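Residue-level structural notes
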Amino acid sequence: MSVRVLRNDSELGAWTHLELRPRTHGSMIESVWSFDGAIAGREQFYPTGTLDLLIQLDGSSTGFRIVDGQPAEHCPQACMAGLLLKPLVIETPAETTSMVGVRLRPAGAAALFDVPLNELTGTAVRLDELIGAEAARIGDRLHETGSHEDRLRLLASWVSARMTAGIGTETAVTRAVSEIERRQGALAVADLVGASPKSFRRRFVENVGVGPKTFARIVRFRRTADLLARSAVPLPQVAAAHGYFDQAHMSAEFRAFAGMPPGRFRATARRPGSEGIVA
């Protein structure tokens, strides 16, 4: 597995960010990453339709403080963060921080942990509450591993092994998620539902974390946000290309998920290697 390395030394902070895309379970894992360094100020994250396994390796650090967006004030040092439904603003510690993480698609989180994913939505749960003593064991192994690259490979192997042994997502839900992602969220959710819509929605919520309509909205928003971040396409064209009724509809979705209109979102600075924006 090749590792992508990104280093930054600017007014935004000084850090090294490593990322790899595992060959196994690629449909369940977006990335395994590590961060070592310091970030200046606050960063805002927004819904992406993914969940994050986070393990802070520097026990002496004060940890990341949640300023706005979730009920907890501090992120546990090892935790599972569920789907976001609204913006999340995090203030980073002034001192150097070292941590690793895994960005998971819902199917990956469902295979990794034996818990309904809606119980994780909008919050962060301590890892030991989900997997017991195994949380301490993987933490110890990560601390004992010398290089950042070796830590990434160790974490990727550990996650893949648990996924292989896990139950995973129900087939009907997997097909629905794949279709939502293939259509980039621009579809009528009624097209996904079979003979028992209430039963399907319940199973979708348990396997994904939110209902199919909300998940489709988040997927469409993320695809739109990605385009805004890397292009100068006029906003009316962006709205039409992503299946919004009009620009006003797109603006309402951005206010709900990013806390700001799309024009301001496009103009806001981003830290290299991060999907968040400077808050």
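So, here's what we can say about the structure. (Residues numbered from 1 in each chain as written. Predicted model: local features only at pLDDT ≥ 70, side-chain atom pairs only at ≥ 80, totals over all residues. Heavy atoms only, no water.)

Observations concerning the overall build of the protein
In terms of regular secondary structure, the protein is built from 10 helices and 11 strands. The C-alpha atoms of the protein give 19 Å as radius of gyration, which agrees with the globular expectation for 279 residues (19 Å, within 12%). With respect to the three principal axes, the spread of C-alpha positions in the protein is 50 × 45 × 35 Å. Partitioning the contacts of the protein with sequence separation of at least 6, the portion at a separation of at least 24 is 71%. Summing over all exposed atoms, the protein offers an accessible surface of approximately 12700 Å²; the carbon and sulfur share of this is 50%. Side-chain charges in the protein split into 33 positive and 30 negative, and the spacing between the mean points of these groups amounts to 7 Å. (Helix = DSSP H or I, 4+ residues; strand = E, 2+ residues; numbered from the N terminus. Rg over C-alpha atoms; globule rule 2.2 N^0.38 Å. Contact = heavy atoms within 4.5 Å. Areas by Shrake-Rupley, 256 points an atom, 1.4 Å probe, with all protein chains shown as cover. Lys, Arg positive; Asp, Glu negative; His and termini not counted. Charge placed at Lys NZ, Arg CZ, Asp CG, Glu CD.)

What about the environment of G209?
Along the chain, G209 falls in the loop between α6 (197-208) and α7 (212-230). Excluding residues that lie within four positions of it along the chain, G209 makes contacts with L83, L117, N118, T121 and F204.

With respect to the sheet that holds strand β4 (residues 42-45)
Within the open sheet, the 4 strands sit side by side as β6-β8-β4-β11. Their pairing is antiparallel. In this open sheet, the two strands that pair with only one neighbour each are β6 (65-68) and β11 (277-278). Here β4 pairs with β11 via 2 bridges, running antiparallel. When the bridges of β11 are listed, E43 appears paired with V278. (Pairing = 2+ DSSP bridges.)

Digging into the pattern of salt bridges
By the definition in use, this model includes 12 salt bridges. Residue D128 pairs with R126 through a salt bridge whose shortest N-O separation is 2.6 Å. What makes D128 partly exposed here is its relative accessible area of 34%. One salt bridge connects E134 with R137, and the closest N-O pair in it is separated by 2.9 Å. In this pair, E134 and R137 both sit in helix α3 (residues 134-144), 3 residues apart, roughly one turn of the helix. Among the charged side chains, a network of salt bridges with common partners joins E179, R182 and R183. (Salt bridge = Lys/Arg side-chain N within 4 Å of Asp/Glu carboxyl O. Buried < 20%, exposed > 50% of the residue type's maximum accessible area, 1.4 Å probe, protein only.)

Some thoughts on the pairing of strand β7 (residues 78-81)
A regular strand carries its side chains on alternate faces of the sheet. Strand direction decides the pairing type here: strand β5 (residues 51-56) and β7, joined by 4 bridges, are antiparallel. By the bridge assignment for β7, L54 is matched with C79. Judged from the 3 bridges that link them, β7 and strand β10 (residues 124-126) form a sheet pairing that is antiparallel. Paired with C79 across the two strands is R126, which belongs to β10.

Re the packing of aromatic side chains
Summed over the entire model, instances satisfying the criterion amount to 9 aromatic pairs. Ring geometry for Y46 against F221: centres 5.6 Å apart, planes inclined by 90°, an arrangement best described as edge-to-face. In this pair, Y46 is assigned in the loop between β4 and β5 and F221 in helix α7, connecting sequence segments 175 residues apart. Residues Y46 and F221 agree in their burial class; the two are buried. Connected via pairs of aromatic rings, a cluster forms that spans Y46, F221, F254, F257 and F265. Its guanidinium or amino end placed over the ring of F265, R270 lies 4.6 Å from that ring's centre, counting from NZ or CZ. (Phe/Tyr/Trp six-rings, centres within 6.5 Å; stacked < 30°, edge-to-face > 60°. Lys NZ or Arg CZ within 6 Å of the ring centre and 35° of its normal.)

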